Amino acid sequence: MAEQRRRPADALKLLARDEEDLAVISAVLQDALIPVSEMAYLPEEQRFALVANRFRWEAPPDRPRDNFERRFTGLSIGGVGAVRRRGFRPG
């Protein structure tokens, strides 16, 4: 039987449909650590994906805001026809 991965009950799941939604995702990813090795462009799917280690800015529902932590987060962007880089080397 395949291993089932469970999302934590307090996991944040967002979808951006407009600029305002994108601003929320941008704020959530503020101060995220994203190694170049964790970025991938999938041209056949027209998708760019990455894994970030982000600071958890939102308050957990069952704990006070003073419990600071980092969380691994996946980001997937669809409809991407090409990817270019500027200002850093992929190696």
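I will try to describe carefully the structure that is included in this document.

Each value, and the rule that gives it
Starting from 1, residues in each chain are numbered consecutively following that chain's sequence as written. Local features in a predicted model are, by the rule used here, given only for residues with pLDDT of at least 70; side-chain atom pairs are given and counted only at 80 or more, and totals for whole chains, interfaces and linings are based on all residues. The side-chain quantities take in all heavy atoms of the structure and omit both hydrogens and water. Two joining distances apply to patches: 9 Å for like charges and 5 Å for nonpolar side chains (Val, Leu, Ile, Met, Phe, Trp, Tyr), and every residue must have over 30% relative accessible area and no salt bridge. We get accessible surface area from the Shrake-Rupley algorithm with a probe of 1.4 Å; when it comes to residues, only the shown protein chains can shield them. A side-chain nitrogen of Lys or Arg and a carboxyl oxygen of Asp or Glu constitute a salt bridge if their distance falls within 4 Å. Segments assigned H or I by DSSP are reported as helices when at least four residues long, segments assigned E as strands when at least two residues long, and all are numbered from the N terminus. By the criterion applied in these results, polar contacts are pairs of N or O atoms within 3.5 Å in which, for protein atoms, one can donate a hydrogen and the other can accept it, and in which residues neighboring in sequence qualify only through two side-chain atoms. In this analysis, two residues are considered to be in contact whenever any of their non-hydrogen atoms come within 4.5 Å of each other. Per-residue accessibility, obtained with a 1.4 Å probe over protein chains only, is compared with the maximum for each type, and a residue is labelled buried under 20%, exposed over 50%, and partly exposed between these values.

The next point concerns a nonpolar patch on the surface. On the surface, a nonpolar cluster with roughly 240 Å² of combined accessible area is contributed by Leu-12, Leu-14 and Val-24. Here Val-24 lies in helix H1 (residues 19-28).

Bringing the side chain of Arg-54 into the picture now. Inspection of the secondary structure puts Arg-54 in strand S2 (residues 47-55). Among the polar contacts made by the side chain of Arg-54, one reaches the side chain of Thr-73 at a distance of 3.0 Å. Once residues lying within four places of it in the same chain are set aside, the contact partners of Arg-54 are Leu-12, Val-28, Leu-29, Ala-32, Glu-69, Arg-70, Arg-71 and Thr-73.

Overall, the coordinates contain three salt bridges when judged by the stated rule. Across the pair Arg-47 and Glu-45 runs a salt bridge whose closest N-O atoms are separated by 3.7 Å. A relative accessible area of 46% means that Glu-45 is categorised as partly exposed. We note a salt bridge from Glu-69 to Arg-56, for which the minimum N-O separation is 2.6 Å. With a gap of 13 residues between them, Glu-69 in the loop between S2 and strand S3 (70-78) and Arg-56 in the loop between S2 and S3 connect regions that are remote in the sequence.

Positionally, Phe-68 belongs in the loop between S2 and S3. With 13 residues separating them along the chain, Phe-68 and Phe-55 place their C-alpha atoms 7.7 Å apart.

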